[in-house]
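The primary structure of each chain is shown beneath.
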Amino acid sequence: MSVEREIAERMRPWARKGGKTNRRVQYRRLLAFGAWLDSQEGGPRALHEVGKRQAVQWYRHLEVEGRAEATVRAHGYAVRALWVRLGRDPGAVVYWPPGRRKPRPRRGRRGRG
């Protein structure tokens, strides 16, 4: 079974619930991600083989294609939704534009209040 088909089977029920317009768009982005994975020579052949490396390569591929930063970020949010659905750590695949530092986690208000 192809990665694209596995993504479709996993995410179709998710796409049918909630804010439908956005989820349909994210679903299409995930199918594009799956099609790209299937086209990679020597790439993953099953969804459980897909990891952070493939997500980062996908973001770079979109940047090389000339996609806007906001578009690449939107694809990153879709991949993040896939990771959540698979029960993985979603922080591992968040898109950070080149040249920008990842923000530090905010600390709570210790000692106040």
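As shown above, the structure is provided for reference.
Residues numbered from 1 in each chain as written. Predicted model: local features only at pLDDT ≥ 70, side-chain atom pairs only at ≥ 80, totals over all residues. Heavy atoms only, no water.

Caption draft 1: Structural detail: the packing of helix α1 (residues 3–15) against helix α4 (residues 69–86). Two elements in contact, α1 and α4, have axes separated by 11 Å at closest approach and are oriented at 90°. Between α1 and α4, the interaxial angle falls into the category roughly perpendicular. Mapping the contact onto sequence places Ile7, Arg10, Met11, Pro13 and Trp14 in α1 and Ala81, Leu82, Arg85 and Leu86 in α4. Its residues assigned to classes, the contact of α1 with α4 comprises 7 nonpolar, no polar and 2 charged. (Axes fitted to C-alpha atoms, helices over the stretch in contact; angles between N-to-C directions. Helix = DSSP H or I, 4+ residues; strand = E, 2+ residues; numbered from the N terminus. Parallel < 35°, antiparallel > 145°, perpendicular 65-115°, else oblique. Contact = heavy atoms within 4.5 Å. Nonpolar A, V, L, I, M, F, W, Y, C, P; charged D, E, K, R; others polar.)

Caption draft 2: Highlighting helix α3 (residues 52–64). Over its 13 residues, α3 extends 18 Å from the first C-alpha to the last, a length consistent with the 18 Å expected when each residue adds 1.5 Å. Turning to α3, its buried residues are Gln54, Ala55, Trp58, Tyr59 and Leu62. Along the long axis of α3, the arc covered by the buried residues comes to 140°, so they all point the same way. Seen from the buried face of α3, the exposed residues on the opposite side, beyond 90 degrees, are Lys52, Arg53, Arg60 and Val64. Of the surrounding elements, those touching the buried residues of α3 are α2 (20–39) and α4. Once α3 ends, the next one or two residues include glycine 66, with phi positive near 95°. (Expected span 1.5 Å × (residues − 1). Buried < 20%, exposed > 50% of the residue type's maximum accessible area, 1.4 Å probe, protein only. Arc of directions from axis to C-beta.)

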